[in-house]
Amino acid sequence: MKKITSVLTVFLLLITINVQAQKPRIRILATGGTIAGVSKSATESNYTAGELGIYQLIQAVPQIKDNADISGEQIVKIGSQDMNDKVWLTLAKRINELLNKEGYDGIVITHGTDTMEETAYFLNLTVKSDKPVVLVGAMRPATAMSADGPLNLYNAVQVAADRNSKGRGVMVCLNDAVLSAKDVTKTNTTGVQTFQDPNYGTLGYLHNGKVFFNNMPEKKHTIHSVFDVTRLSQLPKVGIVYNYSNASALPMQAFMQAKFDGIVSAGVGNGNLYKDIFDLAVKAQNQGIQFVRSSRVPTGATTLDAEVDDAKYHFVASQFLNPQKARVLLMLALTQTKDWKKIQEFFNEY
Ligand SMILES: NC(=O)C[C@H](N)C(=O)O
(Lines give C-alpha, C1' and ligand atoms only; values in the text may rest on other atoms or scores of the structure.)
Protein backbone atom coordinates (compact mmCIF):
# COMPACT_ATOMS: atom_id res chain seq x y z
CA MET A 1 0.00 0.00 0.00
CA LYS A 2 2.83 2.32 1.00
CA LYS A 3 4.55 1.61 -2.32
CA ILE A 4 1.41 2.40 -4.34
CA THR A 5 0.99 5.70 -2.47
CA SER A 6 4.56 6.80 -3.17
CA VAL A 7 4.32 5.80 -6.85
CA LEU A 8 1.11 7.79 -7.05
CA THR A 9 2.74 10.78 -5.37
CA VAL A 10 5.66 10.75 -7.82
CA PHE A 11 3.20 10.41 -10.70
CA LEU A 12 1.15 13.39 -9.50
CA LEU A 13 4.33 15.40 -8.97
CA LEU A 14 5.44 14.67 -12.52
CA ILE A 15 2.04 15.76 -13.88
CA THR A 16 2.24 19.00 -11.87
CA ILE A 17 5.76 19.69 -13.11
CA ASN A 18 4.64 19.03 -16.66
CA VAL A 19 1.60 21.30 -16.43
CA GLN A 20 3.82 23.98 -14.87
CA ALA A 21 6.33 23.57 -17.72
CA GLN A 22 3.58 24.05 -20.28
CA LYS A 23 2.46 27.37 -18.90
CA PRO A 24 3.83 30.35 -20.85
CA ARG A 25 6.82 31.93 -19.10
CA ILE A 26 5.97 35.55 -18.45
CA ARG A 27 8.43 38.01 -16.98
CA ILE A 28 7.11 41.12 -15.23
CA LEU A 29 9.38 44.16 -15.38
CA ALA A 30 8.41 46.72 -12.77
CA THR A 31 9.13 50.43 -13.16
CA GLY A 32 6.85 52.04 -10.53
CA GLY A 33 3.81 54.22 -11.21
CA THR A 34 0.47 54.45 -9.45
CA ILE A 35 -0.05 50.70 -9.78
CA ALA A 36 2.68 50.51 -7.13
CA GLY A 37 1.46 53.66 -5.36
CA VAL A 38 0.69 53.92 -1.66
CA SER A 39 -1.48 56.40 0.17
CA LYS A 40 -2.14 56.89 3.92
CA SER A 41 -5.75 55.79 3.64
CA ALA A 42 -8.07 53.98 1.24
CA THR A 43 -9.99 57.15 0.46
CA GLU A 44 -7.19 59.72 0.22
CA SER A 45 -6.29 61.03 -3.18
CA ASN A 46 -2.74 62.09 -2.16
CA TYR A 47 -0.30 59.26 -2.72
CA THR A 48 3.27 58.46 -3.70
CA ALA A 49 3.79 56.51 -6.92
CA GLY A 50 6.26 53.63 -7.23
CA GLU A 51 6.42 52.59 -3.55
CA LEU A 52 5.65 48.86 -3.81
CA GLY A 53 8.18 46.44 -5.26
CA ILE A 54 7.67 43.73 -7.85
CA TYR A 55 7.23 40.93 -5.30
CA GLN A 56 4.47 42.83 -3.47
CA LEU A 57 2.68 43.37 -6.80
CA ILE A 58 2.89 39.67 -7.68
CA GLN A 59 1.81 38.59 -4.18
CA ALA A 60 -1.22 40.85 -4.31
CA VAL A 61 -2.63 38.98 -7.34
CA PRO A 62 -1.88 35.27 -6.84
CA GLN A 63 -4.33 34.40 -9.67
CA ILE A 64 -1.78 35.60 -12.25
CA LYS A 65 0.01 32.29 -11.65
CA ASP A 66 -3.01 30.23 -12.73
CA ASN A 67 -2.26 30.45 -16.45
CA ALA A 68 1.35 31.58 -16.52
CA ASP A 69 4.72 30.80 -15.04
CA ILE A 70 5.41 34.19 -13.45
CA SER A 71 8.68 35.80 -12.43
CA GLY A 72 9.64 39.42 -12.09
CA GLU A 73 12.38 41.97 -11.71
CA GLN A 74 12.51 45.59 -10.63
CA ILE A 75 13.96 47.91 -13.28
CA VAL A 76 13.32 51.24 -11.50
CA LYS A 77 10.84 52.60 -8.96
CA ILE A 78 9.63 55.92 -10.34
CA GLY A 79 6.53 57.88 -11.19
CA SER A 80 6.42 57.82 -14.98
CA GLN A 81 6.57 61.63 -15.03
CA ASP A 82 10.30 60.93 -14.43
CA MET A 83 10.67 58.40 -17.25
CA ASN A 84 13.82 58.95 -19.28
CA ASP A 85 16.00 57.71 -22.16
CA LYS A 86 18.22 55.64 -19.85
CA VAL A 87 15.29 53.55 -18.61
CA TRP A 88 13.94 53.18 -22.16
CA LEU A 89 17.28 51.81 -23.37
CA THR A 90 17.53 49.49 -20.35
CA LEU A 91 14.01 48.18 -20.98
CA ALA A 92 14.50 47.61 -24.72
CA LYS A 93 17.80 45.78 -24.20
CA ARG A 94 16.51 43.67 -21.31
CA ILE A 95 13.31 42.69 -23.16
CA ASN A 96 15.31 41.63 -26.23
CA GLU A 97 17.51 39.48 -23.99
CA LEU A 98 14.55 37.90 -22.16
CA LEU A 99 12.61 37.10 -25.33
CA ASN A 100 15.45 36.16 -27.67
CA LYS A 101 18.08 34.62 -25.36
CA GLU A 102 16.34 33.55 -22.15
CA GLY A 103 13.31 31.90 -23.77
CA TYR A 104 10.51 33.92 -22.14
CA ASP A 105 7.15 33.82 -23.95
CA GLY A 106 5.93 37.27 -23.06
CA ILE A 107 6.66 40.43 -21.08
CA VAL A 108 4.47 42.57 -18.84
CA ILE A 109 5.77 45.99 -17.82
CA THR A 110 4.19 47.73 -14.84
CA HIS A 111 4.47 51.45 -15.54
CA GLY A 112 2.97 54.79 -14.57
CA THR A 113 0.25 56.00 -16.89
CA ASP A 114 1.52 59.57 -17.46
CA THR A 115 4.13 58.61 -20.07
CA MET A 116 3.08 55.01 -20.71
CA GLU A 117 2.20 55.75 -24.33
CA GLU A 118 5.73 57.07 -25.02
CA THR A 119 7.50 54.07 -23.48
CA ALA A 120 5.10 51.73 -25.29
CA TYR A 121 5.81 53.37 -28.66
CA PHE A 122 9.59 53.42 -28.03
CA LEU A 123 9.49 49.66 -27.33
CA ASN A 124 7.17 49.08 -30.29
CA LEU A 125 10.03 50.34 -32.48
CA THR A 126 12.96 48.73 -30.67
CA VAL A 127 11.87 45.28 -29.41
CA LYS A 128 13.10 42.59 -31.80
CA SER A 129 10.52 39.90 -31.24
CA ASP A 130 6.92 39.21 -32.23
CA LYS A 131 6.17 37.79 -28.76
CA PRO A 132 3.71 39.84 -26.67
CA VAL A 133 4.96 42.85 -24.72
CA VAL A 134 2.23 44.47 -22.61
CA LEU A 135 2.37 47.67 -20.55
CA VAL A 136 0.04 47.96 -17.60
CA GLY A 137 -0.65 50.55 -14.92
CA ALA A 138 -3.40 51.91 -12.75
CA MET A 139 -5.17 55.17 -12.09
CA ARG A 140 -5.73 54.48 -8.39
CA PRO A 141 -2.95 53.59 -5.96
CA ALA A 142 -2.67 50.02 -4.64
CA THR A 143 -4.07 51.13 -1.26
CA ALA A 144 -7.21 52.79 -2.69
CA MET A 145 -10.73 51.53 -2.29
CA SER A 146 -11.57 49.89 -5.64
CA ALA A 147 -7.92 49.96 -6.74
CA ASP A 148 -7.81 49.16 -10.48
CA GLY A 149 -4.23 47.79 -10.48
CA PRO A 150 -4.86 44.15 -9.49
CA LEU A 151 -7.40 43.41 -12.25
CA ASN A 152 -5.34 45.38 -14.77
CA LEU A 153 -2.27 43.29 -13.85
CA TYR A 154 -4.25 40.05 -14.06
CA ASN A 155 -5.59 41.07 -17.49
CA ALA A 156 -2.16 42.14 -18.77
CA VAL A 157 -0.74 38.72 -17.85
CA GLN A 158 -3.62 37.03 -19.70
CA VAL A 159 -2.80 39.12 -22.79
CA ALA A 160 0.93 38.34 -22.55
CA ALA A 161 0.14 34.62 -22.16
CA ASP A 162 -2.37 34.45 -25.03
CA ARG A 163 -1.12 32.91 -28.29
CA ASN A 164 -3.26 35.33 -30.32
CA SER A 165 -1.34 38.29 -28.92
CA LYS A 166 1.71 37.48 -31.06
CA GLY A 167 2.60 39.88 -33.86
CA ARG A 168 0.44 42.78 -32.65
CA GLY A 169 3.38 44.92 -31.55
CA VAL A 170 3.68 46.37 -28.07
CA MET A 171 0.31 46.78 -26.33
CA VAL A 172 -1.19 48.72 -23.45
CA CYS A 173 -3.76 46.97 -21.25
CA LEU A 174 -5.97 48.86 -18.78
CA ASN A 175 -9.64 48.90 -17.87
CA ASP A 176 -10.42 45.69 -19.87
CA ALA A 177 -9.09 47.21 -23.12
CA VAL A 178 -6.07 46.23 -25.21
CA LEU A 179 -4.62 49.11 -27.23
CA SER A 180 -1.86 49.52 -29.77
CA ALA A 181 1.33 51.28 -28.61
CA LYS A 182 1.29 53.46 -31.72
CA ASP A 183 -2.21 54.83 -31.35
CA VAL A 184 -3.02 54.75 -27.65
CA THR A 185 -3.09 57.99 -25.70
CA LYS A 186 -3.98 59.09 -22.19
CA THR A 187 -7.24 61.03 -22.45
CA ASN A 188 -8.34 61.58 -18.87
CA THR A 189 -6.27 62.92 -15.95
CA THR A 190 -7.91 60.75 -13.29
CA GLY A 191 -10.46 58.30 -14.74
CA VAL A 192 -9.79 54.55 -15.01
CA GLN A 193 -10.99 54.62 -18.64
CA THR A 194 -8.18 57.04 -19.51
CA PHE A 195 -6.45 55.07 -22.30
CA GLN A 196 -8.13 55.36 -25.67
CA ASP A 197 -7.23 55.21 -29.32
CA PRO A 198 -9.24 58.16 -30.63
CA ASN A 199 -8.61 57.30 -34.29
CA TYR A 200 -8.86 53.53 -34.62
CA GLY A 201 -10.41 52.10 -31.46
CA THR A 202 -9.05 49.15 -29.50
CA LEU A 203 -7.06 46.10 -30.63
CA GLY A 204 -9.19 43.95 -28.37
CA TYR A 205 -10.81 43.62 -24.98
CA LEU A 206 -10.99 41.26 -22.01
CA HIS A 207 -13.99 39.63 -20.43
CA ASN A 208 -13.62 37.35 -17.41
CA GLY A 209 -9.88 37.17 -18.06
CA LYS A 210 -10.32 35.99 -21.68
CA VAL A 211 -8.82 38.06 -24.48
CA PHE A 212 -10.81 38.89 -27.62
CA PHE A 213 -8.99 40.66 -30.46
CA ASN A 214 -10.68 42.64 -33.18
CA ASN A 215 -7.85 44.59 -34.83
CA MET A 216 -4.30 44.22 -36.09
CA PRO A 217 -1.95 47.24 -36.23
CA GLU A 218 -1.13 48.15 -39.84
CA LYS A 219 2.10 50.10 -39.39
CA LYS A 220 5.59 48.60 -39.04
CA HIS A 221 6.73 47.57 -35.56
CA THR A 222 9.06 45.24 -33.58
CA ILE A 223 10.63 42.63 -35.92
CA HIS A 224 9.85 44.80 -38.97
CA SER A 225 11.40 47.91 -37.46
CA VAL A 226 14.86 49.04 -38.65
CA PHE A 227 15.65 50.75 -35.35
CA ASP A 228 18.23 48.97 -33.24
CA VAL A 229 19.37 50.29 -29.86
CA THR A 230 21.66 47.37 -28.97
CA ARG A 231 24.81 49.47 -29.10
CA LEU A 232 23.35 52.81 -28.03
CA SER A 233 23.98 54.36 -24.63
CA GLN A 234 22.17 57.62 -25.40
CA LEU A 235 19.59 59.00 -27.80
CA PRO A 236 19.49 62.16 -29.95
CA LYS A 237 18.10 65.24 -28.20
CA VAL A 238 14.62 66.21 -29.39
CA GLY A 239 12.36 68.83 -27.77
CA ILE A 240 8.71 69.76 -28.21
CA VAL A 241 7.40 73.33 -28.73
CA TYR A 242 3.74 74.22 -28.21
CA ASN A 243 1.74 76.54 -30.49
CA TYR A 244 -1.06 78.81 -29.29
CA SER A 245 -2.37 82.32 -29.92
CA ASN A 246 0.42 84.89 -29.69
CA ALA A 247 2.90 82.08 -28.91
CA SER A 248 6.34 82.83 -27.50
CA ALA A 249 9.29 81.70 -29.61
CA LEU A 250 11.55 81.41 -26.54
CA PRO A 251 11.37 77.60 -26.14
CA MET A 252 12.24 77.26 -29.84
CA GLN A 253 15.23 79.60 -29.42
CA ALA A 254 16.39 77.69 -26.34
CA PHE A 255 16.35 74.34 -28.15
CA MET A 256 18.27 75.85 -31.06
CA GLN A 257 20.87 77.44 -28.80
CA ALA A 258 21.29 74.17 -26.92
CA LYS A 259 21.92 72.49 -30.29
CA PHE A 260 19.14 69.96 -30.05
CA ASP A 261 19.12 67.42 -32.91
CA GLY A 262 15.42 67.80 -33.61
CA ILE A 263 12.31 69.76 -32.65
CA VAL A 264 8.70 68.59 -32.78
CA SER A 265 5.95 71.16 -32.95
CA ALA A 266 2.63 70.62 -31.20
CA GLY A 267 0.92 72.74 -33.83
CA VAL A 268 -2.56 74.17 -34.07
CA GLY A 269 -5.05 72.56 -36.46
CA ASN A 270 -3.34 70.52 -39.17
CA GLY A 271 0.11 71.20 -37.68
CA ASN A 272 0.07 74.96 -38.32
CA LEU A 273 2.65 77.19 -36.65
CA TYR A 274 2.52 80.58 -35.00
CA LYS A 275 4.47 82.93 -37.31
CA ASP A 276 7.44 83.53 -34.93
CA ILE A 277 7.81 79.79 -34.43
CA PHE A 278 7.52 79.22 -38.19
CA ASP A 279 10.38 81.68 -38.93
CA LEU A 280 12.62 79.94 -36.40
CA ALA A 281 11.63 76.51 -37.70
CA VAL A 282 12.93 77.48 -41.15
CA LYS A 283 16.20 78.64 -39.53
CA ALA A 284 16.47 75.48 -37.43
CA GLN A 285 16.00 73.26 -40.46
CA ASN A 286 18.72 75.23 -42.33
CA GLN A 287 21.05 74.68 -39.34
CA GLY A 288 20.50 70.91 -39.54
CA ILE A 289 17.96 70.65 -36.72
CA GLN A 290 15.15 68.47 -38.10
CA PHE A 291 11.72 70.04 -37.63
CA VAL A 292 8.61 67.82 -37.42
CA ARG A 293 5.07 69.19 -37.54
CA SER A 294 2.58 67.44 -35.30
CA SER A 295 -0.62 68.80 -33.77
CA ARG A 296 -2.14 69.51 -30.37
CA VAL A 297 -5.50 68.38 -31.84
CA PRO A 298 -6.34 64.90 -30.47
CA THR A 299 -7.67 63.25 -33.63
CA GLY A 300 -6.78 63.17 -37.32
CA ALA A 301 -3.41 63.18 -39.07
CA THR A 302 -0.99 66.08 -39.48
CA THR A 303 -0.79 65.80 -43.24
CA LEU A 304 1.68 66.79 -45.92
CA ASP A 305 0.39 69.21 -48.57
CA ALA A 306 -1.79 71.37 -46.36
CA GLU A 307 -1.24 75.02 -45.34
CA VAL A 308 2.52 74.54 -44.83
CA ASP A 309 4.70 73.70 -47.84
CA ASP A 310 6.82 70.95 -46.22
CA ALA A 311 8.72 70.13 -49.42
CA LYS A 312 9.87 73.77 -49.66
CA TYR A 313 11.15 73.96 -46.07
CA HIS A 314 12.17 70.30 -45.65
CA PHE A 315 9.81 69.91 -42.71
CA VAL A 316 8.39 66.49 -41.87
CA ALA A 317 4.66 65.89 -41.19
CA SER A 318 3.97 63.55 -38.26
CA GLN A 319 0.89 61.84 -39.78
CA PHE A 320 -1.09 60.20 -36.94
CA LEU A 321 1.64 60.56 -34.30
CA ASN A 322 0.86 63.02 -31.51
CA PRO A 323 3.75 65.31 -30.46
CA GLN A 324 5.07 63.04 -27.69
CA LYS A 325 5.15 60.01 -30.01
CA ALA A 326 6.49 62.03 -32.96
CA ARG A 327 9.36 62.91 -30.63
CA VAL A 328 10.07 59.20 -30.02
CA LEU A 329 10.14 58.38 -33.73
CA LEU A 330 12.27 61.44 -34.54
CA MET A 331 14.82 60.43 -31.89
CA LEU A 332 15.09 56.96 -33.39
CA ALA A 333 15.03 58.25 -36.98
CA LEU A 334 17.97 60.54 -36.17
CA THR A 335 20.02 57.53 -35.06
CA GLN A 336 19.89 56.45 -38.72
CA THR A 337 19.79 59.54 -40.95
CA LYS A 338 19.61 63.33 -41.20
CA ASP A 339 17.88 63.21 -44.59
CA TRP A 340 14.42 64.82 -44.20
CA LYS A 341 12.99 62.76 -47.09
CA LYS A 342 14.06 59.50 -45.41
CA ILE A 343 12.72 60.77 -42.08
CA GLN A 344 9.37 61.56 -43.74
CA GLU A 345 9.35 57.99 -45.09
CA PHE A 346 9.78 56.70 -41.52
CA PHE A 347 6.83 58.82 -40.43
CA ASN A 348 4.75 57.35 -43.27
CA GLU A 349 5.78 53.75 -42.42
CA TYR A 350 5.79 53.63 -38.60
N1 LIG B 1 -1.64 56.85 -12.84
C2 LIG B 1 -0.32 56.99 -12.81
O3 LIG B 1 0.39 56.02 -12.91
C4 LIG B 1 0.21 58.40 -12.67
C5 LIG B 1 1.62 58.52 -12.14
N6 LIG B 1 1.98 59.89 -11.99
C7 LIG B 1 2.66 57.89 -13.06
O8 LIG B 1 2.60 58.07 -14.24
O9 LIG B 1 3.55 57.24 -12.56
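Being a predicted model, the structure only gives us computed values, none of them experimental.

Participant: Would you mind going over the UniProt feature "domain: Asparaginase/glutaminase C-terminal" (unreviewed entry) in the protein in detail, with residue names and values included?
Facilitator: Mapped onto this structure's residue numbering, the UniProt feature "domain: Asparaginase/glutaminase C-terminal" (unreviewed entry) falls at residues 237-347. Split by type, residues 237-347 is 39% helix and 17% strand. Its first and last C-alpha atoms lie 18 Å apart.

Participant: Explain the environment of T194 residue by residue, including any values.
Facilitator: Mapping T194 onto the fold places it in the loop between β7 (185-186) and β8 (195-196). Linking T194 and S165, residues 29 residues apart in sequence, is a C-alpha distance of 22 Å. Discounting chain neighbours no more than four positions away, the residues touching T194 are M139, T185, K186, T187 and N188.

Participant: Which residues make up the UniProt feature "active site" (unreviewed entry) in the protein, and what values do they have?
Facilitator: Within this structure's numbering, the places UniProt gives as "active site" (unreviewed entry) are T34 and T113. Spanning 80 residues, the annotated positions come together in the fold, the maximum distance between their C-alpha atoms being 7.6 Å. You can see T34 is positioned in the loop between β1 (25-32) and α2 (54-60). Look at T34 and you get buried, because its relative accessible area is 8%. Contacts of T34, omitting those with residues within four sequence positions, involve Y47, A49, G112, A138, M139, R140, P141 and A142.

Participant: Before we move on, could you go through unusual backbone geometry and cite the residues and values that matter?
Facilitator: Phi is positive for N175, close to 55°, though the residue is something other than glycine. Checked against the element boundaries, N175 lands in the loop between β5 (171-174) and β6 (177-180). Judged by its relative accessible area of 35%, N175 is partly exposed. Despite not being glycine, N208 has its phi angle at roughly 50°, a positive value. Along the chain, N208 turns up in the loop between β9 (204-207) and β10 (210-213). For N208, a relative accessible area of 72% gives the class exposed.

Criteria and cut-off values
Residues numbered from 1 in each chain as written. Predicted model: local features only at pLDDT ≥ 70, side-chain atom pairs only at ≥ 80, totals over all residues. Heavy atoms only, no water. UniProt positions renumbered as here; feature names shortened; annotations may be inferred. Helix = DSSP H or I, 4+ residues; strand = E, 2+ residues; numbered from the N terminus. Contact = heavy atoms within 4.5 Å. Buried < 20%, exposed > 50% of the residue type's maximum accessible area, 1.4 Å probe, protein only.

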